[in-house]
Amino acid sequence: MQPIRIGTRGSKLALFQAHHIADLLQAQGLQTEIVTITTKGDKILDVAISKIGSKGVFTEELEEQLASGEVDIAVHSAKDMPSSLPEGFELISFTKREKVNDIILSHREDVFYKDPEKPLLLGTSSTRRVATLKHYYPHVKTVEVRGNLQTRIQKMESGACDALLLAYAGAHRMGYDDLIRHELSLDEFTPAVGQGSIAVEANDRLDPALRKQIVAATHHTETGYRLRAERSFLKILEGGCSIPVFCLATYKSGQVEVSGGVVSLDGKERIQHHVSGPADEAEMVGKQLAEKVIQSGGDRILKAIKQQLNK
Ligand SMILES: NCc1[nH]cc(CCC(=O)O)c1CC(=O)O
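Small disclaimer: the values here were computed from a predicted structure and weren't measured.

> Whenever I open this one, the overall build of the chain confuses me. Can you help?
Helix and strand content of the chain: ten helices and 13 strands. Taking 2.2 N^0.38 as the reference for a compact globule, 311 residues should give roughly 19 Å; the C-alpha atoms of the chain span a radius of gyration of 19 Å, in line with that estimate. Overall, the chain is about 65 × 45 × 40 Å in size when its C-alpha atoms are taken along their principal axes. Expressed as a percentage of contacts within the chain between residues at least 6 apart in sequence, the contacts between residues at least 24 apart total 72%.

As structure tokens, then:
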């Protein structure tokens, strides 16, 4: 039998994630081969992602290869995946989720974000993180630091910022646990949809029997319920990765509890609600949450954000 060809971006984090999927497949006796692809998002480094604008800057090229059969599956951070995929594509599995928190990472041990007396310049490129800081910790200054994790750390080392605000999952996968100074609360820094999970994407042309084997080897059921609820929330709010919406679902005894909302770019307004319901109706639960957020003022906030970002 031919090995399963796994398409991935070439960053260290992407390769780590692709190898993780390969390990899970190999543990079930399946053979694998990793195929590295450079995407538009990897090439354009000097423009903020929120300004490149097009959805799927990191995914288009991988999808071309899936559609042509060049690769059998593509591996992504679930967080980077748009809420709607092009016709014929699907996220067929989600791996067991890592800790979902955002963290502050620095070589320095004396980085404080809660004390207005202690100045801190944080590097980040996420509108959600910047807006959330403006809401809870307006004294913290931010600077846009882009690129893969290694590049961002280099920029911090050369003085671009005191510390970086990142996802725990990425920092941990890259082995930077020693530099984690603070783990941020999930109530304040509610993560982006999908943060901490790895997604496997496939095209309709994937052989159904092979698809079944891949799902059995890589999918984590609880994470799947959580991600389905969160992604359904995202779909209603039309949040691309540049829109500061946040959502976290938890799972307990057949139920999902979903908490999420939106924060205005200036941090002045933040709306958050909770909804729970049966896990096998996770999509409906996420949708109900989105409707609650929209009705309680989220609609107005989202409109303003889209206008500001399109300027
Ligand atoms: N936005 C880029 C991105 N996409 C996935 C991760 C980390 C891994 C994950 O959240 O699963 C990161 C880096 C970050 O947000 O710090």
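Next, the rest of the story.
> Honestly, the domain arrangement of the chain in this entry has me stumped. Any pointers?
Each assigned domain of the chain is listed here: domain 1 (1-96 + 197-219), domain 2 (102-183) and domain 3 (221-311). Between the C-alpha centres of domain 1 and domain 2 there is a distance of 28 Å.

> Can you help me understand unusual backbone geometry in this one?
Excluding glycine, most residues fall at negative phi; most peptide bonds, likewise, are trans. With a phi angle near 45°, Ser 253 is a residue other than glycine that sits in the positive phi range. When you line up the elements, Ser 253 lands in the loop between β11 (245-252) and β12 (255-263). Judged by the 5 C-beta atoms lying within 10 Å of it, Ser 253 falls in the exposed class.

> Got a minute to help me understand the environment of Ile 6 in this structure?
By the secondary structure assignment, Ile 6 is in strand β1 (residues 4-8). Separated by 15 residues in the primary sequence, Ile 6 and Ile 21 have C-alpha atoms spaced 8.4 Å apart. Not counting residues within four places of it along the chain, the set of residues in contact with Ile 6 comprises Ala 18, Ile 21, Ala 22, Thr 32, Glu 33, Ile 34, Val 35, Val 71, Ile 73 and Val 75.

> Would you mind showing me how to read the sheet that holds strand β10 (residues 198-203) here?
Hydrogen bonds between backbone atoms are what pair the strands of a sheet, whose relative direction is either parallel or antiparallel. If you walk across this open sheet you meet the five strands as β2-β1-β3-β10-β4, and the pairing is mixed. The open sheet has two free edges, formed respectively by β2 (32-36) and β4 (89-94), since each of these has just one partner strand. On average, each strand axis in the sheet is inclined to that of its neighbour by 35°, with strand direction left out of account. As paired strands, strand β3 (residues 73-77) and β10 are joined by four bridges and run antiparallel to one another. The residue bridging His 76 from the neighbouring strand is Ala 199, located in β10. Helix α4 (residues 60-68) contacts β1, β3, β4 and β10 of the sheet and is inclined by roughly 45° relative to β10.

Analysis parameters
- Residues numbered from 1 in each chain as written.
- Predicted model: local features only at pLDDT ≥ 70, side-chain atom pairs only at ≥ 80, totals over all residues.
- Helix = DSSP H or I, 4+ residues; strand = E, 2+ residues; numbered from the N terminus.
- Rg over C-alpha atoms; globule rule 2.2 N^0.38 Å.
- Contact = placed C-beta atoms within 7 Å.
- Domains from an automatic or database assignment.
- Buried ≥ 20, exposed ≤ 12 C-beta atoms within 10 Å, placed from the backbone.
- Pairing = 2+ DSSP bridges.
- Axes fitted to C-alpha atoms, helices over the stretch in contact; angles between N-to-C directions.

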